[in-house]
Structures are given as C-alpha cells and as structure tokens.
Amino acid sequence: MPNIKSQIKRDLTNEKARQHNASFKSEVRTACKKVETLAAEGKKDEAKEALKAAVSLLDKIAQEGIIKQNNADRKKAHLESVVAKIA
C-alpha cells in the first residue's frame, strides 16, 4: 500500500479505469463470439447484423484507446472473413 497521498488517489482511479475497460472488452468478446456462433450455424442475415454491431463496438473502444486501432482492425477483418465464408 502506498504512503504517498497522490499515489493512493492514482491507485483508486487506475482501478476504476481498469474495471471500466474490462467491461467494454467483455462486451466486445461477447459480440465477436455471437458473430462466430451465428456464422457456424449458417445464419447469414443474422450474422451480418451481429457483425455490424460488433464492428461498431470495436471502432468505439479503439477510438477511446481501450484497445489499439490495429487490434480492432484485425478483429474486424477476421469477423468479416468468417461471415463471408457462410454458404
């Protein structure tokens, strides 16, 4: 435990930010899994709608700096290729 007052405050804000970021990351993981599940089941129209929502979330968290832009782009490309392969 830190003794310095400013470090105590920073620890509190860092923990709050970590929890905030973790909730966004969890939401994105859920959206990505939903797209992949729908694609595996062959539901193309529903997968496209889920893809649109997942891409929106990825763009949002990349813009906020929660994940890097390249990471978001890589995830979007993967999901788009999964949806494109649906027969």
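See the structure above.
Throughout, a residue's number is its position along its own chain's written sequence, starting from 1. In keeping with the model being predicted, local features are shown solely for residues with a pLDDT of at least 70 and side-chain atom pairs are shown and tallied solely at 80 or more, while totals for entire chains, interfaces and linings include all residues. The basis for the side-chain values is all heavy atoms of the structure; hydrogens and waters are excluded.

**Student:** Tell me about the overall build of the protein, and please be specific about residues and values.
**Tutor:** When helices and strands are tallied, the protein shows 3 helices and 0 strands. Moving toward the C terminus, one meets the helices and strands of the protein in the order α-α-α. Computed over the C-alpha atoms, the radius of gyration of the protein is 17 Å, more than 25% above the 12 Å expected from 2.2 N^0.38 for a compact globule of 87 residues. Summarising its shape, the C-alpha atoms of the protein cover approximately 60 × 20 × 15 Å along the three principal directions. Working definition: with a 1.4 Å probe on protein chains only, accessible area under 20% of the residue-type maximum means buried, over 50% means exposed, and in between means partly exposed. Of all 87 residues assigned to the protein, the portion counted as buried reaches 26%. Should any heavy atoms of two residues lie within 4.5 Å, those residues are counted as being in contact. Contacts spanning at least 24 positions in sequence make up 57% of the contacts within the protein whose residues lie at least 6 apart. Computed by Shrake-Rupley with a 1.4 Å probe, the accessible areas treat only the displayed protein chains as cover when residues are assessed. With an accessible surface of roughly 6300 Å², the protein has 52% of that area assigned to carbon and sulfur atoms. Charge counting treats Lys and Arg as positive and Asp and Glu as negative, with His and both chain ends excluded. To locate a charge, take NZ of a lysine, CZ of an arginine, CG of an aspartate or CD of a glutamate. Across the protein, the mean location of the 19 positive side-chain charges is 6 Å away from that of the 12 negative side-chain charges. A helix here means a DSSP run of H or I that spans at least four residues, while a strand means a run of E at least two residues long, and both kinds are numbered starting from the N terminus. For the radius of gyration, the atom set is restricted to C-alpha positions; the globular benchmark scales as 2.2 Å times the number of residues to the power 0.38.

**Student:** Describe the pattern of salt bridges, naming the residues involved and giving the relevant values.
**Tutor:** Salt bridges, as used here, are contacts in which a Lys or Arg side-chain nitrogen is within 4 Å of a carboxyl oxygen on Asp or Glu. What the rule picks out here adds up to 4 salt bridges. Residues joined by salt bridges that share partners form a network here, namely Asp-59, Asp-73 and Lys-76.

**Student:** Which residues make up the packing of helix H1 (residues 5–41) against helix H2 (residues 44–64), and what values do they have?
**Tutor:** The axes used here are C-alpha line fits, helices contributing only the stretch in contact, and every angle between their N-to-C directions lies in the interval 0 to 180 degrees. At a closest axis distance of 9 Å, the pairing of H1 and H2 adopts a crossing angle of 155°. As the angle between them shows, H1 and H2 are arranged roughly antiparallel. Crossing of H1 over H2 shows left-handed handedness. Contact with H1, carried on its side by His-20, Phe-24, Glu-27, Val-28, Ala-31, Lys-34, Val-35, Leu-38 and Ala-39, involves Glu-46, Ala-47, Ala-50, Leu-51, Ala-54, Leu-57, Leu-58, Lys-60, Ile-61 and Glu-64 of H2 and no other residues of that element. The scheme is simple: roughly parallel for angles under 35 degrees, roughly antiparallel for over 145, roughly perpendicular for 65 to 115, oblique for anything else. Helix crossings are classified by the rotation of the near helix relative to the far one: an anticlockwise turn of less than a right angle makes the crossing left-handed, while a clockwise turn makes it right-handed.

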